[in-house]
Every structure is written in structure tokens, then in C-alpha cells.
Amino acid sequence: MNTDVKNFDSYNKNMAKSIVDKMFFWDKVDAQFFVDFGCADGTLIKMLQGLDPDMKFMGYDICNDMLEIARQNCTETDFTSSWDVVKTVVDVKKQEGLKTCLILSSVIHEVIHYSSEAEIDAFWHNIYNSGFDFICVRDIIPSRTIDRPADLNDYINIIKKGDKNKISEFESVWGSVENNKNLIHYLLKYRWEANWDREIKENYFAIYREDFLRLVGDSYELIYHEHFLLPYVRESIKKDYDITIRDYTHLKLILKLK
């Protein structure tokens, strides 16, 4: 799996814009040990530690360069690129009587986009056979209904107000923005500058909500669900394109071990 980021600083700043929303689970799960899957620079862990210093955390990421930044940001937290290490630590914490929670924030669509079929199967196996007491998901996961013809006025606003070169590049990868799914896909990407070459190729809509829910492991039950559009995204698109997005692009949910 290759997720090369050319500009870590710009990438992490963009990801941090939604950091408060990524902490949605904090008052909803009774856990004492958290593992942030795809922790990047450790921003989420650092914010959560500020809420309750007694809670314990571990960061997991396959990018060692990101992990080095995370270690500098969170000097008292353990970070690893080995899932086997994560499983071992989780087993120990559970034996100590601690409730454990896996955080999957903005990683599912990346795993599906950048991984082979075998790697994706291994990912789901690892997630649902990990033994975590809670699994908290927040990601870009729209419903299938997003795939339909775009509103003509929205299409006109895009081609009149948008960057012609960016739109052309986007359409060469994903198809015409006359399709509503492609139009919204573009609107979630256009603000990226430093890592545009990477972001334009990444499939933000790698999985639909309906398909994701079918994959939930039988050993888990759903205890929280929210389908939504980030307010600052809605406002930015309205301001820049005079387009009102009505589709929900993001999903938050919490699974509890039965």
C-alpha cells in the first residue's frame, strides 16, 4: 500500500481542520485505552490527551516518517508500524481489565483505494478479529444515491467559477462533473494545493455506506450512527461556488463488542 504525501505539513494541517469532529466518540465510549489507526502526526492523540491525561493511547501508522513526527508531538505515547505489536498490547490491556477502543478516522477510504484485494481482506479481518471493546469510525462514506445526474445549475456554477485546469485534470481521472457523485467528489478536493497531485488520484468515495454496513463483523453491534456533511465544507462550497450540497458525504459510527 502506497500513500506517499509530498508535503506533510500541508497534509496534516488540512486533516487537522476536522479534528474536533474526529473526537465525536469521546463521551460515548467507556474505554481507557485507545489505538489510533492511521495516526499520522499524532494530532488526534494529542488533543484527546488534553481532555483526560489518565487515558492511555497508542498510535499505529504504516508511514515511518509520520511516526517520527508523531513521536515528537506526543512524547509519552507509544507508536508502531506493526499490527502484531498493536494486538499484543491490546491483549495485555484487556488482561489488566481496561476497556479498549480502536479509532478509524479517515483511513477506510484510503485503505480501500491504495490496497490490493488481499490487503483489503486482511484489513477487515484484522479490524473485526482484533478484540477491541469498541470500534469508532469516521470517514468519507456516502450513500449510493449520490451517483446520479448533477443539478444543471450546480454544474454551471462549477464550470463558471472553478479552476478550468483542475476540473479538466479531475475529469481525466474520474469522469465528467455533470455526474453528481463526481461533482461532489471534486468539491471535496479543490481546496488541496500542495498535495493536489496525490489527492486528485485518491478515491474519496471508495466505499458506499450500504456496502460498509454489510461488512460489520458479527461479533459487533452498532450503538451509534450519524450520516452528515461537515459544516465548514458546506459553507466553503456555498461561498466559493454558490452550490448547496444536500448529500451526506461523511459517516460516524461506533461498534461495541457483543
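You'll find the structure just up there.
If you're wondering where the values come from, they're calculated on a predicted model, not measured in any experiment.

Rules and cut-offs
Residues numbered from 1 in each chain as written. Predicted model: local features only at pLDDT ≥ 70, side-chain atom pairs only at ≥ 80, totals over all residues. Heavy atoms only, no water. Helix = DSSP H or I, 4+ residues; strand = E, 2+ residues; numbered from the N terminus. Rg over C-alpha atoms; globule rule 2.2 N^0.38 Å. Buried < 20%, exposed > 50% of the residue type's maximum accessible area, 1.4 Å probe, protein only. Contact = heavy atoms within 4.5 Å. Areas by Shrake-Rupley, 256 points an atom, 1.4 Å probe, with all protein chains shown as cover. Lys, Arg positive; Asp, Glu negative; His and termini not counted. Charge placed at Lys NZ, Arg CZ, Asp CG, Glu CD. 1 Å grid on protein atoms, 1.4 Å probe; cavity = no way out; pocket = protein on both sides within 12 Å on 5 of 7 lines; lining within 4 Å. Points joined across faces, edges and corners; volume = space filled by probe spheres on them. Nonpolar A, V, L, I, M, F, W, Y, C, P; charged D, E, K, R; others polar. Pairing = 2+ DSSP bridges. Axes fitted to C-alpha atoms, helices over the stretch in contact; angles between N-to-C directions. Core = buried A, V, L, I, M, F, W, Y, C linked by side-chain atoms within 4.5 Å.

## Concerning the overall build of the chain
Next, step 1: Summing up its helical and strand segments, the chain has 13 helices and 7 strands in all.
Next, step 2: Computed over C-alpha atoms, the radius of gyration of the chain comes to 19 Å, within 12% of the 18 Å expected from 2.2 N^0.38 for 258 residues, which places it in the range of a compact globule.
Next, step 3: Taken along the three principal axes of its C-alpha coordinates, the chain extends 60 × 40 × 35 Å.
Next, step 4: Within the span of the chain, comprising 258 residues, buried residues form 51% of the whole.
Next, step 5: Taking contacts inside the chain between residues at least 6 apart in sequence as the whole, the part at least 24 apart equals 74%.
Next, step 6: Summed over its atoms, the accessible surface of the chain is roughly 12400 Å², and 47% of this surface lies on carbon and sulfur atoms.
Next, step 7: Taken as two groups, the 33 positive and 43 negative side-chain charges of the chain have centres that lie 5 Å from each other.

## Some points on the layout of surface pockets
Next, step 1: By volume, the second largest pocket amounts to about 240 Å³.
Next, step 2: Surrounding the second largest pocket, F33, Q49, P53, M55, K56, F57, M58, E76, T77, D78, V89 and K93 form its lining.
Next, step 3: Only β2 (56-60) and α5 (83-95) provide two or more residues apiece to the lining of the second largest pocket.
Next, step 4: Here the element with the most residues in the lining of the second largest pocket is β2; it accounts for 3 residues.
Next, step 5: Taken together, the residues that form the lining of the second largest pocket break down as 6 nonpolar, 2 polar and 4 charged.

## Observations regarding the sheet that holds strand β6 (residues 220-228)
Next, step 1: Taken together, 7 strands build an open sheet; the order of strands is β3-β2-β1-β4-β5-β7-β6 and the sheet is mixed. Looking at the sheet topology across the chains shown, the edges are occupied by β3 (78-80) and β6. Neighbour to neighbour, the strand axes of the sheet diverge by 15 degrees on average, direction disregarded.
Next, step 2: Bridge count between β6 and strand β7 (residues 250-257): 8 bridges; the pairing is antiparallel. Note that in β7 the partner of F228 across the bridge is H250.

## Some words on the nonpolar core
Next, step 1: F37, I135 and F212 are the most contacted members of the largest nonpolar core, which totals 30 residues.
Next, step 2: Considering every element that reaches this core, the biggest residue donor is helix α7 (residues 117-128), with 5 residues.
Next, step 3: Apart from the residues within four sequence positions on either side, F212 is in contact with I108, W124, Y128, V137, I141, I207, L251 and L253.
Next, step 4: Core analysis: the second largest hydrophobic core is formed by 28 residues, I167, V177, L183 and I237 among them.

## What about unusual backbone geometry?
Next, step 1: Even without being glycine, A40 reaches a positive phi, approximately 55 degrees.
Next, step 2: Inspection of the secondary structure puts A40 in the loop between β1 (33-37) and α3 (43-51).
Next, step 3: The backbone of D242 shows a phi angle near 55 degrees, a positive value even though the residue is not glycine.
Next, step 4: Among the residues examined, D242 registers a relative accessible area of 43% and is labelled partly exposed.

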